[in-house]
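# Chains, contacts and geometry: an overview
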Amino acid sequence: MNMRATPAALLPALHPVSLRLDTYLINLDRAPLRRFRMERLLTDFGLAFERVAAVDGAGLSLPHPGFDEAAYLSRHGRRPNPFEIGCYLSHVECAKRFLAGNAEFALILEDDLDFDDDLTELLEAALEHHERWDILRLSTVNSGKKHRVEPLTASRSLAIALTREKGSGAYLINRKAAGWITGALLPMRLPYDLAFDLEFDAGLNACFVDPLPVSQRADGHSHIQLGLSAYRLGRRRPWSVLPYRTAAELRRFTRRFRRLAALRMSGRDVSSETGD
């Protein structure tokens, strides 16, 4: 189902926020049940969307022009996972489609999500505060501290994470971030969720919504997670991985802490209202 290609008379009532952003749903052709479930959820919210057929790792072969195996090994210390590569290239494809259109913002979704009831209200508020972010993350698979900096709605705030956060189930981007994803992030040198968590290296600003409005389902049948141990090198991991990760963590903490401090010193600290 491609709602952008559906005759207007057949479309459900669209929520106004749907007119301000392009929404992309990443879904494997061989996962129709996920597709139908997500289509139903998005339709209920009144969000028009475009389904993007995910790049299927089962059909990938190496070497691949979109994957730098040497850099991946030196930075991540694992064997190439074709399903991980497919996921990465699928997110890049969404950013490319977004840039090919005229919208100012894009909502990119994987197909294993649950949404809180106020999703559309939150999206409207997020777009009203778009000057604060280039990437706005709506989900994570980590539980790290989120430091609130500005209210969005009565129950949710913009927040900054000082530590690494995994997962790329749901997020908003602007055109500047999309240009970075389709440019500097190619070829793949890290898993996608780790790569786009380094936005500060490109001078981009990332925020979280706290509390998160989207949860990513734990899926024991995910091809990326199945047999994950087979891609690990253990003690044979290159020596370069630890210093690379350490340097990245230091840069992340330093640059995001400076941004957090600047926002709070400017009088935008909402901790007294939110209990942060």
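Report on the accompanying structure. All values reported here derive from a predicted model rather than from experimental measurement. Residue positions are given per chain, counted from 1 along the sequence in the order it is written. Per-residue local features of the predicted model are confined to residues with pLDDT of at least 70, and side-chain atom pairs are confined, for both listing and counting, to 80 or more; whole-chain, interface and lining totals are unaffected and use all residues. Based on all heavy atoms of the structure, the side-chain values leave hydrogens and waters out of the count.

### Considerations on the sheet that holds strand β6 (residues 146-151)
- If DSSP finds at least two bridges between two strands, the strands pair. To qualify as a helix, a DSSP run of H or I must reach at least 4 residues; to qualify as a strand, a run of E must reach at least 2; elements of each kind are numbered from the N terminus. The strand order β2-β1-β3-β8-β5-β9-β7-β6 describes an open sheet built from eight strands, whose pairing is mixed. Of all strands in the sheet, those bounded by a partner on one side alone are β2 (50-53) and β6. Each adjacent strand pair in this sheet contributes to an overall mean axis angle of 30 degrees, direction not counted.
- For strand β3 (residues 105-109) and strand β8 (residues 170-174), the ladder comprises five bridges, and the chain directions are antiparallel. Bridging across to β8, Ile-108 finds its partner in Tyr-171.
- Running at roughly 105 degrees to β8, helix α5 (residues 175-182) makes contact with β5 (135-137) and β8 of the sheet. Only the contacting stretch of a helix is used when fitting its axis, a line to C-alpha atoms as for every element, and angles between N-to-C directions run 0 to 180 degrees. Any two residues having at least one pair of non-hydrogen atoms within 4.5 Å are treated as being in contact.

### Here we look at empty space enclosed by the protein
- Each cavity reported here is a set of points on a 1 Å grid over the protein atoms alone in which a 1.4 Å probe fits but cannot get out, each pocket an open set with protein on both sides within 12 Å along at least five of seven lines, and each lining residue one with an atom within 4 Å of a point. Grid points are joined across faces, edges and corners, and a volume is the space filled by probe spheres set on the points. As enumerated under the stated definition, the model contains two cavities of 30 Å³ or more in all.
- Empty space within the largest cavity amounts to approximately 110 Å³.
- Together, Arg-75, His-76, Arg-164, Leu-190, Leu-194, Leu-198, Tyr-244, Arg-245, Ala-248, Glu-249 and Arg-252 line the largest cavity.
- If you tally residues by element for the lining of the largest cavity, the top one is helix α7 (residues 241-268), at five residues.
- Roughly 50 Å³ of internal volume is contained in the second largest cavity.

### Things to note about the packing of aromatic side chains
- Pairs were defined over the aromatic rings of Phe, Tyr and Trp, the Trp ring being its six-membered one, requiring ring centres within 6.5 Å. Orientation was assigned from the angle between planes: stacked under 30 degrees, edge-to-face over 60, tilted for the rest. Applying the stated criterion to the full structure yields eight aromatic pairs.
- Measuring from ring centre to ring centre gives 5.0 Å for Tyr-192 and Phe-196, while their planes differ by 20 degrees; the resulting arrangement is stacked.
- Categorising residues by exposure relies on relative accessible area from a 1.4 Å probe, with only protein chains included: less than 20% of the type maximum marks a residue as buried, more than 50% marks it as exposed, and the intermediate range marks it as partly exposed. On the accessibility criterion, Tyr-192 (3% relative accessible area) is buried.
- Residue Phe-196 is classed as buried on the basis of its relative accessible area of 2%.
- By the ring-pair criterion, three or more aromatic residues cluster together here, those being Tyr-88, Tyr-171, Tyr-192 and Phe-196.
- Over the face of the ring belonging to Phe-208 we find Lys-146, whose NZ or CZ atom lies 5.1 Å from the ring centre. By the criterion adopted, a ring carries a charge over it if an Arg CZ or a Lys NZ lies within 6 Å of its centre and within 35 degrees of its normal.

### A few points about the pattern of salt bridges
- We count a salt bridge whenever a side-chain nitrogen from Lys or Arg sits within 4 Å of a carboxyl oxygen from Asp or Glu. Taken as a whole and assessed by the stated rule, the structure comprises 21 salt bridges.
- If you follow the salt bridges from partner to partner, you end up with Arg-137, Arg-164, Asp-197, Glu-199, Glu-249, Arg-252 and Arg-256 in one network.

### Focus on helix α2 (residues 69-76)
- What α2 keeps buried is the set Ala-71, Tyr-72 and His-76. Axial view of α2: buried residues confined to an arc of 100 degrees, hence all on one face.
- What qualifies as a polar contact is a pair of N or O atoms within 3.5 Å, subject to a donor-acceptor requirement within protein and to the restriction that residues adjacent in sequence count only when both atoms come from side chains. For α2, the N-terminal capping position is held by Asp-68, with its side-chain oxygen 3.3 Å away from the main-chain nitrogen of Ala-70. Note: the arc covers the axis-to-C-beta directions of the helix.

### Topic: the side chain of Asn-174
- For Asn-174, the location among the structural elements is in strand β8.
- We classify Asn-174 as buried; its relative accessible area is 12%.
- At a separation of 2.8 Å, a polar atom in the side chain of Asn-174 contacts the side chain of Asp-134.

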